Amino acid sequence: MAEFVPPPEALPTLDRWWGSLRQPQAELPPAVVHPSSARLGSQSWDADVVIAGGTLGILLGAALAKRGWRVILLERGILRGREQEWNTSRQELQVLLELELLTPREWEKVQVTHYPGGRIGFGDGPSWWVEGVLNVGVDPAGLLEHCKAHFLEWGGQLRENTCFLGAAVHPDGIGIQTNTGSLTAQLLVDAMGHRSPLVAQARRGQPPDSVCLVVGSCAQGLPDQPSGDLFYSFTPAQNGYQPFWEAFPARDGRTTYLFTYCDRDPERPSLHTLWQDYCQLLPAYQGVELTQIHWVRKLCGVFPAYRRSPLQLPWDRLLAVGDSSGSQSPLSFGGFGAMLRHLDRLQQGIHEALAQRQLDRAALVLLQPYQPNLAVTWLFQKAMIPPLREKTWDPDSINRLLSRVFEAMFAAGPQVVKPFLQDVVQFGGLAQALWGAMSRDPRLVAGLLPRLGLPELVEWAGHFGALGLFELLQRLTDRPELETDPQDYFWKRRREAWRYGCGQDYKLFP
Ligand SMILES: Cc1cc2nc3c(=O)[nH]c(=O)nc-3n(C[C@H](O)[C@H](O)[C@H](O)COP(=O)(O)OP(=O)(O)OC[C@H]3O[C@@H](n4cnc5c(N)ncnc54)[C@H](O)[C@@H]3O)c2cc1C
């Protein structure tokens, strides 16, 4: 019997939310956005852009303020990054230097941990080693502090303890209501995270299609290991889920996460069950007794994922970014990494939208375009969720399948495996991985197909075809003579959609 370890403080509240996501939604969420045909009638808006939500919003806010736009950032609390590090890679962080959001000194300083790389392995299968992926720990508090200082220096206005309450979309501007008064702007950016009221309205209260559940800690007393685990499992599926692990050296200890993917079936585990399993499995995983552990901080999260992502808001003058847009992969809880990937594209696109007055819905949805390389990952997610009512199903089969897929990816080389681990799926790499897994264990793959079901497979085939088509279009149009008038907002956005949608924005670093 494992020793009782009190769960993270936020766990009961998050568990209640996770429970509510599994209930049928009786009512539509309250409307916070109201279109209005009346004109604001003034050309002097309080700001060009209002950003609601400060965590990742400050990155975009700083980039836009640097370009001379008048930005107001609304944060319902105090703008402060959390203590727990975000794991990413140096290559992904480059964008902060390129956009000059941090000085080189600040850029180095916010990278509080470096380690060579991490392990990947499943069940009794082989393990692999990957360098340069998720091998940097960023201090969110330090990062936000520097970005905030630059944002203010570049003329940005920060309104803390200011809660977004609602917006009225007018033909010539947007009116924003907060608990401290009202504001006008040309554009409102929603960066309020997964539980944004604006997104709840846009999704009409639709519950997520699946979730990624995470529990974990940063703790001391664990054996010192200089490297991490990027994607690891050592036990079969249990309690209606397949446990996966991540581990990283951290500034003040070692971070370990137990995570899993779930549909909304009531028999899927609660965070509480996950926490109990985490405490039970951690000693075997890290080679430590619970009594030897000093808990620096305990962590948990529920990451909803929607097939209809990235979210295209149905209104003029409104754009969702960060977690609220659903632009991260359903396979990861790397919302910070997803923001880094899209930050340059987003700040450039918003700059052009403002400069060229392309602020209606048709123009803004192109800033959150369909991404087939996100859509194809749903099949992987479904394959990692154990069936609940199949008595003959082998609980080791998810580990075996993942072993085969990664064996094929590693055989194909770093140009296939690295982008995949950084949430950038590419057509060629995916085709190689799937073909490799099928030829290594045709029976295992064939056995999986009925479980996935024909509708899922047909839908996936459509996204896979789109991935190939996007890559073709990207290659055909990636020529200097096709660089047209910089004023052509729509052509530029289409080309970006193809490039990012097929993962050709990815640069392979050694
Ligand atoms: C345990 C854990 C580990 C993680 N590890 C990683 C990692 O290693 N790498 C990685 O890339 N990502 C990681 N993430 C994910 C990452 O933290 C999120 O993707 C990121 O915080 C999303 O930022 P956001 O600004 O979109 O949303 P949020 O973080 O939810 O922030 C939303 C902001 O909006 C504010 N807000 C909300 N409502 C209002 C309102 N009405 N008015 C004004 N302001 C409002 C909130 O106060 C908050 O500041 C992790 C998350 C967790 C829980």
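Keep in mind that this is a model prediction, so the values were computed, not measured. (Residues numbered from 1 in each chain as written. Predicted model: local features only at pLDDT ≥ 70, side-chain atom pairs only at ≥ 80, totals over all residues. Heavy atoms only, no water.)

**Q** Is there a simple way to explain the packing of aromatic side chains in this structure?
**A** Two aromatic rings are characterised by how far apart their centres lie and by the angle between their planes. Throughout the structure, instances matching the rule amount to 30 aromatic pairs. Relative to Phe420, the ring of Phe406 lies with its centre 6.0 Å away and its plane at 80°, an arrangement referred to as edge-to-face. Here Phe406 is found in helix H12 (residues 397–412), whereas its partner Phe420 is found in helix H13 (residues 414–421), with 14 residues between them in sequence. The exposure class of Phe406 is buried, given its relative accessible area of 1%. (Phe/Tyr/Trp six-rings, centres within 6.5 Å; stacked < 30°, edge-to-face > 60°. Helix = DSSP H or I, 4+ residues; strand = E, 2+ residues; numbered from the N terminus. Buried < 20%, exposed > 50% of the residue type's maximum accessible area, 1.4 Å probe, protein only.)

**Q** Looking at this structure, how should I read the site of the ligand?
**A** Around the ligand, a shell composed of 26 residues is seen, among which Glu75, Trp86, Asn87, Asp323 and Gly337 lie nearest. A distance of 2.8 Å separates an oxygen atom of the ligand from a polar side-chain atom of Trp86. Interatomic distance of 3.0 Å between a backbone N/O atom of Phe336 and an oxygen atom of the ligand. For the ligand, the protein covers 86% of the area, taking 1000 Å² as the surface of the free molecule. Residue contributions to the shell around the ligand peak at 3 residues, all from helix H8 (residues 335–355). Split by residue class, the shell around the ligand holds 12 nonpolar, 10 polar and 4 charged. (Near = heavy atom within 4 Å. Polar contact = N/O pair within 3.5 Å; in protein donor to acceptor, adjacent residues only side chain to side chain. Areas by Shrake-Rupley, 256 points an atom, 1.4 Å probe, with all protein chains shown as cover. Nonpolar A, V, L, I, M, F, W, Y, C, P; charged D, E, K, R; others polar.)

**Q** Would you explain helix H2 (residues 57–66) in this entry?
**A** For an α-helix, 3.6 residues make a turn, and residues three or four places apart therefore share a direction. For H2, the buried fraction is high: 9 of the 10 residues fall into the buried class. Along H2, the residues classified as buried are Gly57, Ile58, Leu59, Leu60, Gly61, Ala62, Ala63, Leu64 and Ala65. For H2, the elements touching its buried residues are strand E2 (47–52), strand E3 (71–74), helix H3 (90–98), helix H5 (140–153), strand E12 (181–190) and H8. Of the residues trailing H2, Gly68 is marked for its positive phi of about 100°. (Contact = heavy atoms within 4.5 Å.)

**Q** Before we go on, may I ask you to explain the sheet that holds strand E14 (residues 228–233) in this structure?
**A** The pairing of strands in a sheet comes from backbone hydrogen bonds and takes either a parallel or an antiparallel form. The sheet built from 7 strands is open, its strands ordered E7-E6-E14-E15-E16-E13-E17 with mixed pairing. Two strands lie at the open edges of the sheet, namely strand E7 (127–131) and strand E17 (294–305), each paired on one side alone. Direction aside, neighbouring strands of the sheet carry axes that sit 15° apart on average. Looking at chain direction, E14 and strand E15 (residues 244–250) are connected through 2 bridges and run antiparallel. Across the sheet, residue Asp229 finds its bridge partner in E15, namely Ala247. (Pairing = 2+ DSSP bridges. Axes fitted to C-alpha atoms, helices over the stretch in contact; angles between N-to-C directions.)

**Q** Looking at this model, I keep getting lost on the side chain of His351. Mind explaining?
**A** Along the chain, His351 turns up in helix H8. Among the residues examined, His351 registers a relative accessible area of 18% and is labelled buried. Beyond its immediate sequence surroundings of up to four residues, His351 is in contact with Leu64, Arg67 and Trp69.

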